[in-house]
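Chain residues, written in single-letter form:
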Amino acid sequence: MSIDKVDFPWPEWVQGRMLPDKSFAKAYETAPDAVRAGMKQQIAQLYDLHGPDKVVLGERYAAWRQGFVTWSRTRPLERVLILLGADFASPSMLLAAVMPTVCAGVESILTVRAGRATDWPPLLLTALELAGQESAAAVRAGEMNKLLDSLGGDGRSAGVIVLGPPELRKAV
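Residues numbered from 1 in each chain as written. Predicted model: local features only at pLDDT ≥ 70, side-chain atom pairs only at ≥ 80, totals over all residues. Heavy atoms only, no water.

Undergrad: Just checking my understanding: could you explain the overall build of the protein for this structure?
TA: What the protein contains, in helices and strands, is seven helices and six strands. Of the regular secondary structure in the protein, the N- to C-terminal order runs α-α-α-β-β-β-α-β-α-β-α-β-α. For the protein, the C-alpha atoms occupy an extent of roughly 60 × 35 × 30 Å along the three principal directions. For the protein, the computed accessible surface area is about 10000 Å², with 53% contributed by carbon and sulfur atoms. The protein carries 19 positive and 19 negative side-chain charges, and their two centres are separated by 4 Å. (Helix = DSSP H or I, 4+ residues; strand = E, 2+ residues; numbered from the N terminus. Areas by Shrake-Rupley, 256 points an atom, 1.4 Å probe, with all protein chains shown as cover. Lys, Arg positive; Asp, Glu negative; His and termini not counted. Charge placed at Lys NZ, Arg CZ, Asp CG, Glu CD.)

Undergrad: How should helix 5 (residues 122-130) be read in this particular structure?
TA: Since there are 3.6 residues in each turn of an α-helix, residues three or four apart along the chain are aligned in direction. Listed as buried for helix 5 are L124, L125, T126, A127 and L128. Backbone geometry just after helix 5 places G132 at a positive phi near 75 degrees. (Buried < 20%, exposed > 50% of the residue type's maximum accessible area, 1.4 Å probe, protein only.)

Undergrad: Any chance you could explain the side chain of T111 here in plain terms?
TA: For T111, the location among the structural elements is in strand 4 (residues 108-114). Looking at T111, the relative accessible area reads 1%, which means it is buried. Excluding residues within four positions of it along the chain, T111 makes contact with I82, L84, L94, W120, L128, S135, A136 and A137. (Contact = heavy atoms within 4.5 Å.)

Undergrad: Explanation requested: a nonpolar patch on the surface in the structure shown.
TA: There is a patch of nonpolar side chains on the surface, built from Y61, V69 and W71 and spanning about 390 Å² of accessible area. With respect to the helices, strands and loops of the structure, V69 is situated in strand 2 (residues 69-74). (Patch = residues over 30% accessible without salt bridge, like charges linked within 9 Å, V, L, I, M, F, W, Y side chains within 5 Å. Salt bridge = Lys/Arg side-chain N within 4 Å of Asp/Glu carboxyl O.)

Undergrad: Please explain the nonpolar core as it appears in this structure.
TA: In a soluble, globular protein the nonpolar side chains are often hidden away together inside. Counting 27 residues, the largest nonpolar core has I82, L84, L94, L95, W120, L128 and L163 as the members making the most contacts within it. Of all the secondary-structure elements, those providing two or more residues to this core are helix 2 (21-30), helix 3 (33-50), strand 3 (79-84), helix 4 (91-104), helix 5 and strand 5 (136-139). When residues in this core are grouped by element, the largest group, six residues, is from helix 4. Once residues within four sequence positions are removed from consideration, I82 is found in contact with L94, A97, V98, I109, L110, T111, V112, I161 and L163. With 16 residues, the next largest nonpolar core counts W10, L110, L148 and L168 among its residues. (Core = buried A, V, L, I, M, F, W, Y, C linked by side-chain atoms within 4.5 Å.)

Undergrad: How should the packing of aromatic side chains be read in this particular structure?
TA: Centre distance and the angle of the planes are the two values used to describe a pair of aromatic rings. Applying the stated criterion across every chain yields a total of one aromatic pair. Both rings, one in W64 and one in F68, keep their centres 5.6 Å apart while their planes meet at 15 degrees; by these two values the pair is stacked. The exposure class assigned to W64 is partly exposed, which follows from its relative accessible area of 39%. Using a relative accessible area of 40% as the deciding quantity, one classes F68 as partly exposed. Of note, R36 hangs over the ring of Y28, and the distance from its end group to the ring centre comes to 4.4 Å. (Phe/Tyr/Trp six-rings, centres within 6.5 Å; stacked < 30°, edge-to-face > 60°. Lys NZ or Arg CZ within 6 Å of the ring centre and 35° of its normal.)

Undergrad: Any chance you could explain the pairing of strand 2 here in plain terms?
TA: In the case of a regular strand, side chains alternate between the two sheet surfaces. In terms of strand pairing, strand 1 (residues 58-63) meets strand 2 through six bridges, oriented antiparallel. In the sheet register, R60 faces strand 2, and the bridge partner there is S72. Connecting strand 1 to the antiparallel partner strand 2 that follows it, the hairpin turn spans five residues, and G67 within it adopts a positive phi of roughly 95 degrees. (Pairing = 2+ DSSP bridges.)

Undergrad: Just checking my understanding: could you explain the confidence of the model for the protein for this structure?
TA: Low-pLDDT portions of the prediction should not be read for the details of their coordinates. Of the residues in the protein, 91% reach a pLDDT of 70 or more, and the chain-wide mean stands at 87. No element of the protein has a lower mean pLDDT than helix 7 (residues 166-171), at 72, and none a higher one than helix 5, at 97. Segment residues 1-6: pLDDT under 50, and nine contacts once partners within four positions in sequence are set aside and those in other chains are kept. (pLDDT = per-residue confidence, 0-100.)

Undergrad: It is not clear to me how the sheet that holds strand 6 (residues 158-163) should be interpreted in this structure. Could you clarify?
TA: Sheet strands associate in pairs through backbone hydrogen bonding, adopting either a parallel or an antiparallel arrangement. On the basis of which strands lie adjacent, the open sheet formed by four strands has the order 5-4-3-6 and parallel pairing. Single-partner strands in this sheet number two, and they are strand 5 and strand 6. With strand direction ignored, the average angle separating the axes of adjacent strands in the sheet is 25 degrees. Looking at chain direction, strand 4 and strand 5 are connected through four bridges and run parallel. What sits directly across from R113, in strand 5, is A138. (Axes fitted to C-alpha atoms, helices over the stretch in contact; angles between N-to-C directions.)

So this is what it looks like as structure tokens:
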């Protein structure tokens, strides 16, 4: 069975909040070699731990002794929003959230820092750059519900990973 890739266009207003490529390049260049090496090692270890999931669609049909049958179908989520709190600054924790998502085959990953329009910690951008994930945006706290609402109702699968304070998790 062929599965068509879904091109998920993030809401138009988010496009205006996306970080430019030069932000990632500058962050990468300013990160010390030893720090980048440590991140690369963590990415390799997480890749080894989670491995790439090469199955894009799985189905299981089981007939049980008790006289019933079950059928299940699995596939990677089509999109994941990684939501960072305004004060989140841990590249290791970010990579620990990003890499399993990448390995699972999620088609569209957007990392969002809530509550601050600027001032991303450079090491977060370096971690995303090294993981091959350069879709990142900064949104105002008041825009979070609008963004979360955009994930539902269109029939496409979505997940949200929250790395931040309890009040941010309550919003989801």
